[in-house]
Each structure stands twice: as structure tokens, then as C-alpha cells.
Protein chains: 2
Amino acid sequence: MNDSRTEEVRGWLTGLQRRITDGIAAVDGHAFRADAWRKAPGEPLQGDGVTMILEEGGVFERAGCGFSHVRGPKLPPSATQHRPELVGAAFEAMGVSLVFHPRNPYTPTVHLNVRMLAALPQGAEPVYWFGGGMDLTPYYGFEEDAVHFHTLCRDALVPFGADKYPRFKKWCDEYFFLKHRNEPRGIGGIFFDDHFEGGFDTSFAMLRAVGDAFLPAYLPIVARRKDTPWGERERAHQLLRRGRYVEFNLVWDRGTHFGLQSGGRTESILMSMPPHARWAYDHQPAPGTPEAELTERFLTGKDWV
Amino acid sequence: MNDSRTEEVRGWLTGLQRRITDGIAAVDGHAFRADAWRKAPGEPLQGDGVTMILEEGGVFERAGCGFSHVRGPKLPPSATQHRPELVGAAFEAMGVSLVFHPRNPYTPTVHLNVRMLAALPQGAEPVYWFGGGMDLTPYYGFEEDAVHFHTLCRDALVPFGADKYPRFKKWCDEYFFLKHRNEPRGIGGIFFDDHFEGGFDTSFAMLRAVGDAFLPAYLPIVARRKDTPWGERERAHQLLRRGRYVEFNLVWDRGTHFGLQSGGRTESILMSMPPHARWAYDHQPAPGTPEAELTERFLTGKDWV
């Protein structure tokens with residue numbers, strides 16, 4: 001708790017949340033509302049956080065960006081499967097997580113998460129891991145957007161080893177996948193977990209590189225697409241695709257699903273939900289349309305850079 | 001497979017599907033589409049089914065009613081926890097499942113499921129269980145609707161013992177509960193599982209009584225509410241509540257969640273999804289409104305009859 005490294009990560013995370021929400025608010029023309037929370041004494045997890053939310057904005061129909069910092073008496077079993085020496089250790093977890101749903105169907109939804117987990121074994125040094133990533137979920141495919149987003153992801157990771165981008169790109173494709181649809185959620189990006197390599201400073205520097213790459217990776221795409229004219233057809237397609245987003249988050253996303261099942265803070269967890277979603281039986285876009293092209297040419301796990 | 005009891009249950013289930021979809025189509029003014037399916041040879045489960053769907057109808061925005069009948073080489077472990085003698089037995093499962101989402105926010109969404117599971121141990125007689133129930137999810141509370149629905153549920157079960165309705169009513173309240181919201185999905189109804197009491201004929205008769213009670217339990221409520229005037233306010237409330245319906249089905253409903261995770265037929269499983277759903281951060285209806293009354297007076301697990 002009084003660990004200077006924890007303080008440093010917390011400082012960077014809260015700063016990242018502020019910079020990202022400022023950047024998005026400037027594009028949108030509307031401010032985020034801040035909802036600060038603190039776990040009540042006696043709850044199994046202790047801690048605090050700030051959920052920033054912008055709804056019915058000019059560009060964003062729903063944009064949520066949360067910071068949270070919790071401490072618990074005992075690492076969950078899933079975290080100690082490969083580290084028996086940490087079974088029963090207290091822990092501290094903090095991170096920033098965001099999902100932005102633009103109104104314009106030509107503008108993609110985006111997701112970012114950056115987090116640190118510290119195990120605090122009694123009488124020994126803390127053990128740190130980092131995790132996170134970012135990924136893009138377009139409703140209409142644009143090759144230049146996919147290339148730009150993946151290029152910025154790759155460039156952020158280059159200083160940390162040539163293996164990082166290809167590994168984390170593949171990991172992202174595998175994680176954000178709807179098995180019940182046999183379909184990726186979007187065009188991917190990067191995802192990593194349990195990361196600690198080259199010491200604390202280098203590992204944290206990599207997390208910062210990912211977080212700091214977010215606005216340059218996403219804002220140019222928003223600028224390019226946000227004023228594209230659209231009508232009912234595009235809206236209907238966007239809402240059906242957002243139904244898939246809901247399916248992924250509630251059925252497959254471990255953070256969301258287990259968060260809800262284990263008593264996490266519901267409104268903060270579900271800030272990732274789209275504002276509107278739609279379902280229709282066995283809907284298939286007509287062959288040769290841009291709607292069909294999304295699944296055929298873009299949601300394929302292909303290499304973009 | 002050539003068991004005459006299986007034939008009899010299948011006959012009743014397909015008849016129930018036909019009667020219910022005919023009854024709903026007559027109210028709606030539009031017909032259901034039928035989508036017949038059959039599992040391909042070589043798939044782990046073999047079997048067939050018919051999904052009946054009505055979308056963008058006059059009264060119903062989305063109404064799905066599915067019949068399915070599958071056979072598998074080995075009972076899932078969850079089904080044999082309390083019956084070690086059946087571990088490894090082949091099985092047969094069949095049922096009718098439906099969810100109807102009306103367009104008018106004053107008309108409740110309804111769910112019914114009736115099913116039979118048969119374990120087929122080698123060299124021994126088949127072992128049968130029945131399960132199912134029905135429950136109502138209103139967007140606006142009406143005491144007479146809740147009383148009517150529960151009265152019909154109770155009356156259907158009276159011939160099978162005075163203990164049935166109270167037990168199955170409680171079971172329903174416990175099952176259709178969003179733990180992450182600390183809120184029931186709706187005003188309940190009845191739910192039962194693993195039921196076999198008084199022999200095959202009596203157990204199956206109870207299943208029939210439940211299925212046959214569906215239209216008389218639901219149609220009078222539809223008739224009473226379907227022409228109530230409504231506007232944007234009611235629609236917005238309905239869509240937010242439907243978001244809760246999605247949350248329950250994808251996070252908590254065992255059939256849906258495990259069906260999707262284990263390679264079930266996605267479109268048939270997700271026929272329960274509402275046509276449109278909405279999410280908003282920390283939305284609370286203003287005190288004293290009919291929207292607040294729904295949660296305060298109706299979603300309480302109270303006894304209606």
C-alpha cells in the first residue's frame with residue numbers, strides 16, 4: 001500500500017484516465033461525468049475507483065472509462081495456478097478499462113485495458129504482473145483504419161522486443177473470439193496477461209507504452225469516420241453487431257462474467273455495454289454488401305501490418 | 001428411440017408448439033416462420049428440431065418458440081451427480097422452449113419451458129425426469145395480471161399435490177434472479193427440475209398440465225394490455241428492462257450460458273434475446289413513478305395468490 005511502485009502506477013493510471021477522457025471529450029464536445037466510489041468497510045474487497053461516463057454525446061453514444069484500485073486478503077485460485085508459492089497471499093489490483101461506442105456506424109467501437117496485479121506474500125517482496133491491451137470493433141471495414149490501429153500497437157511494443165507484437169496480436173485474436181458464432185469480435189489489436197519481463201521498470205514501461213498509444217491509435221480513425229453520412233440501414237447493422245458485442249462480454253469475457261458472478265461493482269463492469277443492441281433470428285447480410293464484407297474480409301484474424 | 005413413451009412425449013411437445021404458435025399468431029395477425037434443423041452426422045449430439053419465429057409482428061416484436069429432440073452417447077456429469085448408477089449412460093432430451101417479447105411496454109414478456117430427459121443405461125430400463133415452468137416479466141406492474149398468471153400456475157398444479165405450487169413458485173423466484181443486481185427478473189411463476197413423482201404417467205401429466213396452462217395464463221393479459229397507449233417514455237423504460245433480461249439470460253441462465261459455451265445451436269438458443277435492448281449508466285427511475293413501482297412493488301418475490 002505504501003509501496004512507492006504502487007503509488008507510481010496509480011499515478012500513471014489516473015493520469016491516463018484523465019488524458020484519455022479529456023481527449024475524447026474534446027472530440028465529442030461534451031464532458032464525462034465522474035462517479036467516484038469506495039468499497040464499504042467489511043466488504044471482501046477494499047478499495048476505490050472513479051467511473052467516467054459520457055452518454056448521448058455528440059460523437060459518442062456511450063463512452064465509459066473506469067479506474068479502480070482494490071485490495072483483497074487472498075489471491076483468487078486462478079491467479080496462483082502456476083505459482084503455488086503465492087497461494088493465500090494478499091493482493092492489490094489496479095487498472096484503467098474503457099469501451100467507447102460512437103454513434104456513427106462507420107466509426108468503430110474501441111476497448112482498452114491496462115492493469116497491474118501485485119501479490120503481497122507475508123515476509124517476502126511483492127510480486128508484480130501486468131496485463132492489458134486494446135482492440136477495435138468496426139461495423140464497416142476500412143483497411144486503412146485496421147492498418148493504422150495495428151501499426152500503432154506494433155510501434156508501441158517495438159522497444160520491448162520484436163516478439164511482443166506478433167505474440168500479443170495472436171493472443172488478442174484468440175481472446176476476443178465468439179466461439180458460439182465462430183467469429184472474432186472485431187479486427188483485434190493486442191492483448192497480454194501475466195506479463196513481467198526485464199524487471200519492474202521495463203514491464204511498467206511497456207504498460208505505459210500501450211496506454212500512451214491509445215489516443216494516437218484511435219482518434220485519427222474517429223476524425224476520419226465521424227462525419228460519414230449514414231441512415232437506417234447502417235444503424236440496423238450497427239445494432240445487430242452490437243448484439244454480438246454484448247454476447248462476447250456477458251458470455252466469454254472473463255473479467256465481465258466473473259466480475260458479475262462474484263459481486264463486482266455492476267455499473268462499473270457494465271459500462272462496457274453498448275447503449276442500444278439488437279437481435280434478429282439468423283440474420284445474414286446479403287452477399288456483396290459492405291455489411292457482408294465486414295465478416296468476410298475484416299473479421300478474419302488476418303495480419304494487418 | 002422406439003420407446004412408446006418417448007413417442008408420446010414428442011407428440012405432445014410438437015402439438016403444444018403448434019397450439020401455442022397458432023394461438024399467438026391469431027392474436028398477432030402474423031404467422032410464425034418455421035426453421036427445421038437436424039444435427040449433421042458425426043456431431044456429438046444427434047437430433048432434430050423446429051424453431052418457430054415471429055419478428056416485427058403486430059403485437060409481438062419478437063416471439064420465438066423452439067422444439068428440440070436430441071440424443072447423446074453420455075449424460076453430462078451435472079446430470080449424474082446424485083445418480084452414480086447412471087454415469088456413462090446414453091440419454092435423450094426433448095422439450096419446448098419459448099420467449100415472447102411484445103411491442104407494447106404495458107404487455108409483459110413471457111417464458112415457458114417444458115422438457116423431458118431420459119437416461120438410457122445399458123441393459124436396464126430408461127430413467128426419466130421432467131422439468132420446466134413458466135414466468136412473467138412485466139415492464140409495468142399490474143396486480144391483476146400477476147394474480148391471474150400465478151393463479152393459473154397454481155391451478156394447473158393442484159391435482160398433483162398441494163406442495164407443488166408453493167415449492168415451484170419459490171424455486172422460480174430463486175432461479176430467475178439477477179444476483180449482480182439483487183433483483184428478480186420478473187414477477188415469477190413456477191420452475192421445477194429433476195421431477196419424477198408418482199410414476200411416468202403422473203409425472204408426464206403434470207408436465208402437460210403446465211404446458212396446457214400457458215395460453216390461458218398469458219393470452220388474457222395480452223388482450224388486456226396490448227392496446228394501451230404508450231410513448232417514448234414507456235419505450236425507453238422497456239428497453240432498459242430488456243437489457244436486464246439479456247443480462248440474466250447470458251450471465252445466469254444455465255441453459256443459455258452452457259448451451260453457447262458447449263456448442264449448442266446458437267440461433268435457437270438466442271431466440272430468447274429481446275429484439276432491442278438498452279443500457280444506461282446507473283439508471284434509476286424517479287421515485288413515485290410507475291417505473292419505480294415495478295421494482296419496488298412487483299419485483300419482490302411476493303406471494304400473489
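Please read all numbers here as calculations on a predicted model, not as lab measurements.

Scoring rules and cut-offs
Residues numbered from 1 in each chain as written. Chains lettered and ligands numbered in written order. Predicted model: local features only at pLDDT ≥ 70, side-chain atom pairs only at ≥ 80, totals over all residues. Heavy atoms only, no water. Helix = DSSP H or I, 4+ residues; strand = E, 2+ residues; numbered from the N terminus. Rg over C-alpha atoms; globule rule 2.2 N^0.38 Å. Buried < 20%, exposed > 50% of the residue type's maximum accessible area, 1.4 Å probe, protein only. Contact = heavy atoms within 4.5 Å. Least-squares fit on C-alpha atoms with pLDDT ≥ 70 in both. Axes fitted to C-alpha atoms, helices over the stretch in contact; angles between N-to-C directions. Parallel < 35°, antiparallel > 145°, perpendicular 65-115°, else oblique. Nonpolar A, V, L, I, M, F, W, Y, C, P; charged D, E, K, R; others polar. Buried area = accessible area lost by both parts, 1.4 Å probe. Salt bridge = Lys/Arg side-chain N within 4 Å of Asp/Glu carboxyl O. Polar contact = N/O pair within 3.5 Å; in protein donor to acceptor, adjacent residues only side chain to side chain. pLDDT = per-residue confidence, 0-100. Pairing = 2+ DSSP bridges.

Undergrad: Got a minute to help me understand the overall build of chain A in this structure?
TA: For chain A, the count of helices and strands is 10 helices and 10 strands. For chain A, whose C-alpha radius of gyration is 19 Å, the value lies close to the compact-globule estimate of 19 Å for 305 residues. Projecting the C-alpha coordinates of chain A onto the three principal axes gives extents of approximately 65 × 40 × 35 Å. The buried share among the 305 residues of chain A stands at 58%. Long-range pairs, those at least 24 residues apart, make up 69% of the contacts in chain A between residues at least 6 apart in sequence.

Undergrad: Would you explain the relation of the copies chain B and chain A in this entry?
TA: Each of the two chain copies goes to the other by way of a rotation about an axis and a shift along it. By a simple turn and slide, chain B fits onto chain A: the slide is 0.0 Å along the axis, the RMSD is 0.1 Å, and the turn is 180 degrees. The two molecules are tied by a two-fold rotation axis, judged by turn and shift. Comparing interface residues between copies, 100% of those in chain B also lie at the interface in chain A; the contact surface is shared.

Undergrad: Would you mind going over the packing of helix α1 (residues 4-28) of chain B against helix α6 (residues 214-225) of chain B with me for this structure?
TA: How two helices sit against one another is set out by the angle between their axes and by the gap between those axes. All names here are of chain B. In contact at an axis separation of 11 Å, α1 and α6 are set at 10 degrees when each is read in the N-to-C sense. On the basis of the axis angle, α1 is roughly parallel to α6. In contact with Arg19, Ile20, Gly23, Ile24 and Val27 of α1, α6 contributes Phe214, Leu215, Tyr218, Leu219 and Val222. Broken down by class, the residue content of the contact of α1 with α6 amounts to 8 nonpolar, 1 polar and 1 charged.

Undergrad: I tried to follow the interface of chain B and chain A on my own but got confused; where do I start?
TA: Much of the literature gives interface size as the accessible area that the parts lose upon coming together. Facing the 33 residues of chain B at the interface are 33 residues of chain A. Summed over both partners, the interface of chain B with chain A comes to about 3,100 Å²; 57% of that surface belongs to carbon and sulfur atoms. Per-residue buried area on chain B facing chain A is highest for Glu267, Trp279 and Tyr281 of chain B; these three make up 28% of the total on that side. Connecting chain B to chain A are 2 salt bridges. Linking Glu267 of chain A and Arg181 of chain B is a salt bridge whose minimum nitrogen-to-oxygen distance equals 2.8 Å. Remark: the boundary between chain B and chain A carries 18 residue pairs in polar contact (both at pLDDT 80 or more). Residue assignment for the side of chain B that touches chain A shows that the elements contributing at least two residues are β1 (33-38), β2 (46-55), α7 (232-252), α8 (254-261), α9 (266-269) and β10 (276-278) of chain B.

Undergrad: Would you mind going over the pattern of salt bridges with me for this structure?
TA: Where charged atoms of side chains with opposite charge meet at close range, the side chains can pair. Tallied over the entire structure, the rule returns 63 salt bridges over all chains. We note a salt bridge from Glu61 of chain A to Arg235 of chain A, for which the minimum N-O separation is 2.8 Å. Taken together, the residues Glu61 of chain A in strand β3 (residues 60-72) and Arg235 of chain A in helix α7 (residues 232-252) connect sequence positions 174 residues apart. Take Arg235 of chain A: its relative accessible area is 18%, and that puts it in the buried class. Put simply, Arg244 of chain B and Glu183 of chain B hold a salt bridge, and the shortest N to O gap is 3.0 Å. On the criterion of sequence distance, the pair formed by Arg244 of chain B in helix α7 and Glu183 of chain B in strand β8 (residues 183-184) is long-range, its members being 61 residues apart.

Undergrad: Teacher, can you tell me more about the side chain of Asp48 of chain A here?
TA: Within the secondary structure layout, Asp48 of chain A lies in strand β2 (residues 46-55). Within the structure, the side chain of Asp48 of chain A is placed 2.9 Å from the side chain of Arg10 of chain A, a separation counted as a polar contact.

Undergrad: In this structure, what is going on with the environment of Val127 of chain A? I would like to understand it.
TA: All names here are of chain A. Within the secondary structure, Val127 is located in strand β6 (residues 127-137). We classify Val127 as partly exposed; its relative accessible area is 26%. Val127 sits 138 residues away from Arg265 along the chain, and the two C-alpha atoms are 26 Å apart.

Undergrad: What am I meant to see in the confidence of the model for chain A here?
TA: Detailed reading of the predicted model is not advised wherever pLDDT is low. The share of residues in chain A with pLDDT of 70 or more is 99%, and the mean pLDDT across the chain is 95. Our summary of model confidence lists the complex with pTM equal to 0.95 and ipTM equal to 0.93.

Undergrad: Can you help me understand the pairing of strand β5 (residues 109-120) of chain A in this one?
TA: Side chains on a regular strand alternate between the two faces of the sheet. Residue and element names in this part refer to chain A. Most of β5 sits out of view: 9 of its 12 residues are buried. Sheet analysis places β5 next to β6, joined by 11 bridges and oriented antiparallel. Note that in β6 the partner of Thr109 across the bridge is Thr137. The turn joining β5 and β6, which pair antiparallel and follow one another in sequence, is formed by 6 residues; a positive phi near 70 degrees is taken by Gly123.

Undergrad: What's the story with the pairing of β6 of chain A in this structure? I'm lost.
TA: Residue and element names in this part refer to chain A. Counting buried residues in β6 gives 10 out of 11 residues, a clear majority hidden from the surface. Pairing of β6 with strand β9 (residues 188-195) involves 6 bridges; the strand directions are antiparallel. When the sheet's bridge partners are listed, Asp135 is paired in β9 with Gly189.

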